[in-house]
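Observations on chain architecture
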Amino acid sequence: MDLGVRWKLHGDGKTPAPGAVVRPDERLSWPRTVGLGAQHVVAMFGASFVAPVLMGLDPNLAIMMSGVATVIFLLATRGRVPSYLGCSLSFVGVAAVIRAQGGTSATVTGATLAVGVVLFLVGLAVQKFGARIIHAAMPPIVTGAVVMLIGFNLAPVTASTYWPQDQWTALLVMLFTGLAVVCLRGFWSRIAIFLGLLFGYGISWVFDRVFGKIHSVGGDGKLTDHWRLDLSGVSKADWIGLPHFHGPSFQWSAILVALPVVIALVAENAGHVKAVGEMTGEALDDKLGTAISADGVASMLSTAVGGPPNTTYSENIGVMAATRVYSTAAYWAAACFALLFGLCPKFGAIVAAIPGGVLGGITVILYGMIGLLGAQIWLNAKVDLRNPLNLVPAAAGIIIGVGNVSMKFTSNFSLSGIALGTLVVITGYHALRAFAPAHLKQQAPLLDEGTSSYDPDSPESPTTES
């Protein structure tokens, strides 16, 4: 059985010829391949260790399981779809809602494990019936609205939790990160979040030296005098050790909050497969279901031991586009690096010491970008918001999701925020479509059976998020 772990040497294994492409089944020399793997690790770091911190999970375990998830994905796709799987930012809002309702880390991982199971089943369905079933149930108006309400639902977390801890550091980090995203080019723009974190560390250390302790609300929610950057835990941490494992706990209320993220994950995977297929010039439609299922399995395994769920990372697509090296050998090297980082508690202590004000400046951009990816889905699909069939369910669902509207059905069961907003968008769209006049339902098919490629200019093109 070909597992995609054999690579032909590209040329002399050194520098590819101008315009040449190193294909997924090829590699450069091993030292260069290892170097490319390290570059992929740096590219995924920004989001992959910020996300578990925001979710209240162990960043060491998150990094380690991202390496395991990447290996699972590469084996499942037989090395045809080069990709790195890291912690999904789409779950940050879900974790915040679950914790606000009194949930623990076990409750968060239990809910996200259930999402992994559903994602795996969706992947099997796509393998059986084709990608058209996804787009029939979740057309771009639905997908875009759900991604938008997931992102914007996070606004209160930034406003009430992170920003008040150090407003001036948050403002400076926000400005620096924004400049990095806009002004830097190529690979550097892809790690702008990571650079913003480094800047935040530095400015917090300077402010502590110049102004002393800050009097503000700390991470524990209490108003105290405290250092912005507290590295006391770093010196106490060991260099080598296992991360903290824990088992999941299942609660229906938490699972219902998390399930809507399946829509975002399907969109991410579809967009990733599309992008890789276009860059490598290989039709990968037959691998879409496999990619989705592999993501589901990897997420189930990660959450079963206390880690966060995973998804394909567009940051690493940027690295491939810049280097024109699509070798899956580089991703195997990146996965090995991630496993090593996961076994270093000192690294986790450094991540855990990120000041609240720094997270405030990062998340004010990051959460907004997640929400606006929903608008990008609409733009790519040329969704007509003048059509009330599109406008009404999206408008209602987004307001419910962002405003955290709640509906109580019984004394023990209620829906609110993300879960209720998603339910309104999906059921509202299909219910209204059933009764809408014919002229409101005239639109192009979304991804018909037999489509062998994606046209970025066509209304059926899905999109991805980082």
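Residues numbered from 1 in each chain as written. Predicted model: local features only at pLDDT ≥ 70, side-chain atom pairs only at ≥ 80, totals over all residues. Heavy atoms only, no water.

Where we set the bar: UniProt positions are given in the numbering used here, feature names are shortened, and annotations may be inferred rather than shown by experiment.
The name an unreviewed UniProt entry gives the protein is Solute carrier family 23 protein, with Streptomyces graminearus as the organism. Listed under Subcellular location (unreviewed entry) in UniProt, the entry text for the protein is "Membrane". The UniProt entry for the protein carries the following comment under Sequence similarities (unreviewed entry): "Belongs to the nucleobase:cation symporter-2 (NCS2) (TC 2.A.40) family."

1. So, the overall build of the protein
Stated formally: In this text, helices come from DSSP runs of H or I with a minimum length of four residues, and strands from runs of E with a minimum of two, each type numbered from the N-terminal end. With a 1.4 Å probe rolled over the protein chains alone, any residue whose accessible area is under 20% of its type maximum counts as buried; one over 50% counts as exposed, and the rest are partly exposed. Between two residues, a contact is recorded if the distance between any of their heavy atoms is within 4.5 Å. Method for areas: the Shrake-Rupley scheme with a 1.4 Å probe, in which residue coverage is limited to the protein chains shown.
In terms of regular secondary structure, the protein is built from 20 helices and 8 strands. Split into buried and exposed, the 466 residues of the protein put 54% on the buried side. Expressed as a percentage of contacts within the protein between residues at least 6 apart in sequence, the contacts between residues at least 24 apart total 78%. Of the accessible surface of the protein, which amounts to about 19400 Å², a share of 66% is contributed by carbon and sulfur atoms.

2. Some words on the packing of aromatic side chains
Note the cut-off: For this analysis, a ring pair means two rings from Phe, Tyr or Trp (six-membered ring only for Trp) whose centres lie within 6.5 Å, classed as stacked if their planes differ by under 30 degrees, edge-to-face if by over 60, and tilted for the remaining angles. Cation placement over rings: the criterion is NZ of Lys or CZ of Arg within 6 Å of the ring centroid and within 35° of the ring normal.
The final tally for this structure, using the stated rule, is 3 aromatic pairs. For the ring pair F176 and F199, a centre distance of 4.3 Å and an interplane angle of 5° mean the geometry is stacked. Residue F176 is found in helix 8 (residues 167–183), and its partner F199 is found in helix 10 (residues 192–211); the two are separated by 23 residues along the sequence. For F176, a relative accessible area of 30% puts it in the partly exposed group. Centre to centre, the rings of F207 and F211 are 5.4 Å apart; their planes meet at 70°, and the pair counts as edge-to-face. With a gap of 4 residues between them, F207 and F211 both fall in helix 10, about one helical turn apart. What makes F207 buried here is its relative accessible area of 16%. A relative accessible area of 58% places F211 in the exposed class. The ring of W239 has K346 sitting right over it, with the charged end atom 5.1 Å from the ring centre.

3. What about the nonpolar core?
Rule in force here: We define the nonpolar core as a collection of buried residues of types Ala, Val, Leu, Ile, Met, Phe, Trp, Tyr and Cys that are connected through side-chain atoms lying within 4.5 Å of one another.
In this structure, M55, V92 and Y367 are the most contacted members of the largest nonpolar core, which totals 93 residues. At 9 residues, helix 13 (residues 261–280) tops the list of elements feeding residues into this core. Setting aside its immediate chain neighbours within four residues, V92 contacts A51, L54, M55, L154 and Y367. Counting 5 residues, the second-largest nonpolar core is a separate cluster that includes V22, L28, L36 and A330.

4. Side note on the packing of helix 8 against helix 10
Stated precisely, the cut-off is as follows: Axis definition: a line fitted to C-alpha atoms, over the contacting stretch in the case of helices. Angles run 0 to 180 degrees between N-to-C directions. Should the near helix be turned anticlockwise from the far one by less than a right angle, the crossing is left-handed, and should it be turned clockwise, the crossing is right-handed. In the scheme used here, Gly and all other residues not listed as nonpolar or charged are polar, with Ala, Val, Leu, Ile, Met, Phe, Trp, Tyr, Cys and Pro taken as nonpolar and Asp, Glu, Lys and Arg as charged.
The N-to-C vectors of helix 8 and helix 10 enclose an angle of 150°; their axes lie 9 Å apart at closest approach. As helix 8 runs across helix 10, the sense of the crossing is right-handed. Residue-level contacts link T169, L172, V173, F176, T177, A180 and V181 of helix 8 to A192, I193, L195, G196, F199, G200, I203, S204 and F207 of helix 10. In the contact of helix 8 with helix 10, the residues fall into 11 nonpolar, 5 polar and no charged.

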